[in-house]
Amino acid sequence: MIEVERLTKCFLLLGGRTLTAVNELSFTVRAGEVYGLLGPNGAGKTTTLRMLLGLLKPTSGQASIAGFGSSNHPDEVKRRVGLVSAGSGLYQGLTAREMLLFFADLYAVPPSAAFQELNRLSRLLGLDDFLEQRCATLSTGQRQRVNLARALIHRPPVMLLDEPTLGLDVLARQVVTEYIDHLRQEGKAVILTTHHLEEAERHCTRFGLLHKGQLVSEGTLADLQARTGCTTLMEMFLKLSKVGPALHEVNT
Ligand SMILES: Nc1ncnc2c1ncn2[C@@H]1O[C@H](COP(=O)(O)OP(=O)(O)O)[C@@H](O)[C@H]1O
Ligand SMILES: [Mg+2]
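Residues numbered from 1 in each chain as written. Chains lettered and ligands numbered in written order. Predicted model: local features only at pLDDT ≥ 70, side-chain atom pairs only at ≥ 80, totals over all residues.

Asks: How would you explain the site of ligand 1 if you had to name every residue and give the values?
Replies: Every residue lining ligand 1 is accounted for by Phe11, Leu19, Ala21, Gly39, Asn41, Gly42, Ala43, Gly44, Lys45, Thr46 and Thr47. Of all the secondary-structure elements, those providing two or more residues to the shell around ligand 1 are strand S2 (18-29) and helix H1 (45-52). Top element by residues in the shell around ligand 1 is H1. It accounts for 3 residues. For the shell around ligand 1, the residue count by class is 4 nonpolar, 6 polar and 1 charged. (Near = placed C-beta within 6 Å. Helix = DSSP H or I, 4+ residues; strand = E, 2+ residues; numbered from the N terminus. Nonpolar A, V, L, I, M, F, W, Y, C, P; charged D, E, K, R; others polar.)

Asks: Requested: an account of the domain arrangement of the protein, with residues and values cited.
Replies: Along its sequence, the protein is organised into domain 1 (1-80 + 157-165 + 175-252) and domain 2 (87-155). With centres defined by C-alpha atoms, the gap from domain 1 to domain 2 works out at 27 Å. Each partner contributes to the interface: domain 1 provides 5 residues, whereas domain 2 provides 7 residues. If you tally residues by element for the side of domain 1 that touches domain 2, the top one is helix H6 (residues 170-185), at 3 residues. Within the side of domain 1 that touches domain 2, the residues separate by chemical class into 3 nonpolar, 1 polar and 1 charged. (Domains from an automatic or database assignment. Contact = placed C-beta atoms within 7 Å.)

Asks: Please give an account of the pairing of strand S8 (residues 189-194) that cites residues and values.
Replies: Here S8 lies mainly inside the structure; 6 of its 6 residues are buried. Note that strand S3 (residues 34-38) and S8 share 5 bridges and pair parallel. Directly across from Tyr35, in S8, lies its bridge partner Ile191. As paired strands, strand S7 (residues 158-162) and S8 are joined by 5 bridges and run parallel to one another. Paired with Leu160 across the bridge in S8 is Ile191. Handedness of the crossover joining S7 and S8 through H6: right-handed. (Buried ≥ 20, exposed ≤ 12 C-beta atoms within 10 Å, placed from the backbone. Pairing = 2+ DSSP bridges. Right-handed = clockwise from strand over helix to strand, strands pointing away.)

Asks: I'd like to hear about the nonpolar core, residue by residue, with values.
Replies: Ala149, Val190 and Ile191 are the most contacted members of the largest nonpolar core, which has 61 residues in total. It is helix H5 (residues 140-152) that provides the largest number of residues to this core, a total of 5 residues. There are two domains that each give this core at least three residues, and those are domain 1 (1-80 + 157-165 + 175-252) and domain 2 (87-155). Non-local contacts of Val190, meaning those with residues more than four positions away in its chain, are made with Glu33, Val34, Tyr35, Met159, Leu161, Ile180 and Leu183. (Core = buried A, V, L, I, M, F, W, Y, C linked by C-beta atoms within 7 Å.)

Asks: Go over the pairing of strand S4 (residues 60-65) with me, naming the residues and quoting the values.
Replies: The pairing of strand S1 (residues 2-12) with S4 spans 5 bridges and is antiparallel. By the bridge assignment, Glu3 is partnered in S4 with Ser64. Sheet topology places S4 next to strand S5 (residues 68-69); 2 bridges connect them, and they run antiparallel. Within S5, the residue paired with Ile65 across the bridge is Phe68. Taken together, S4 and the strand that follows it, S5, pair antiparallel across an intervening segment of 2 residues, in which Ala66 is found at a positive phi of about 50 degrees.

Asks: How would you summarise helix H3 (residues 96-106) if you had to cite specific residues and measurements?
Replies: Turning to H3, its buried residues are Ala96, Met99, Leu100 and Ala104. Axial view of H3: buried residues confined to an arc of 135 degrees, hence all on one face. In this structure, the buried side of H3 is in contact with helix H4 (111-125) and H5. Of the residues flanking the end of H3, it is Ala108, one or two places downstream, whose phi is positive at about 60 degrees. (Arc of directions from axis to C-beta.)

Next comes the structure, spelled out in structure tokens:
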């Protein structure tokens, strides 16, 4: 469902220096999988997701969703992807209901299907109490629920979750946990980026460890444990930050 092949992004920085944010990255995610793209700040996670969505042009390599290339068919790709990111905002002047119907319209969801989906998501995420409230007046937790609903309003088969729990309290994080369980039950192909490693361990069926734009290790938790000699993702992370890509060379 999601295919990333030797994806590379170099940014030209002020002063003429180039930064390779994503370096020859390859991985695939099938329907029903929750793939944990893990790495410290600056590892290249968001840049990868932006290229997948067709928002950023790769320097080389390619990404595709359901067979549509992210660079060549950005509209086909956007129709099939839901994005949840920590930074996404809501239109303050619209009510939660208006906001969701507006996005349904942007995605060309027919009105009858949009109403149906809104009702379903409202039940799923508990939006009923504040659907008629303007987004400006919503609490952080309520906003987040609207954001989670917005990402699903066009029923995309692929979900990209970029640090979906950043800055949230325990209760709001629990909502995200249930949301991801729901996505898995629905058979979506999911990429989750996070540095909450316990969360990643709970949700992800496979992991890719990203360090300075490169995939240094990939597999199930058992694969990674066997390869790195570490028990937890946390230990792997700490080892990675000390030795960097050598982890890969030593263990594969
Ligand atoms: N538009 C940009 N211009 C220049 N550098 C960028 C840009 N976007 C991201 N970067 C750099 O690319 C690297 C990877 O960033 P990012 O993908 O946001 O990392 P992550 O999401 O893993 O924290 C960082 O060093 C960041 O500063
Ligand atoms: Mg990021």
